[in-house]
Amino acid sequence: MALVKLKPLFEKFRENHPRIPQFMHTAASGIEDGGAIDIKVTNAAGQKIEASIKLNADDIELFDTLRKVLSEAGDQM
């Protein structure tokens with residue numbers, strides 16, 4: 001049910017940022033054990049918060065499962 005509520009929000013996000021879904025799809029192919037995800041957020045005042053997450057097998061399993069669930073949810077919507 002929560003995924004149904006997220007659909008219109010996600011569609012609006014896609015409208016506002018049309019290149020992000022393709023980026024995420026392309027980046028997902030590079031997610032592998034030993035890889036890393038680097039995240040940087042800059043707020044309106046220019047302050048930056050950064051993190052780097054080194055991926056392990058458990059993380060890969062999480063992303064694979066999430067990808068599958070989202071794919072199945074998309075088929076049902």
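These figures come from a predicted structure and were not determined experimentally.

(A) Looking closely at the pattern of salt bridges. The final tally for this structure, using the stated rule, is two salt bridges. Measuring nitrogen to oxygen at the nearest pair gives 3.6 Å for the salt bridge that ties E15 to K12. Taken together, the positions of E15 and K12, both in helix 1 (residues 2-16) and three residues apart, correspond to about one turn of that helix. Accessibility expressed as a relative area gives 58% for E15, which makes it exposed. Residue R67 is joined to D64 by a salt bridge in which the shortest nitrogen-to-oxygen separation is 2.5 Å. You can see R67 and its partner D64 sitting in helix 3 (residues 57-76), three residues apart, about one turn around the helix.

Basis of the calculations
Residues numbered from 1 in each chain as written. Predicted model: local features only at pLDDT ≥ 70, side-chain atom pairs only at ≥ 80, totals over all residues. Heavy atoms only, no water. Salt bridge = Lys/Arg side-chain N within 4 Å of Asp/Glu carboxyl O. Helix = DSSP H or I, 4+ residues; strand = E, 2+ residues; numbered from the N terminus. Buried < 20%, exposed > 50% of the residue type's maximum accessible area, 1.4 Å probe, protein only.

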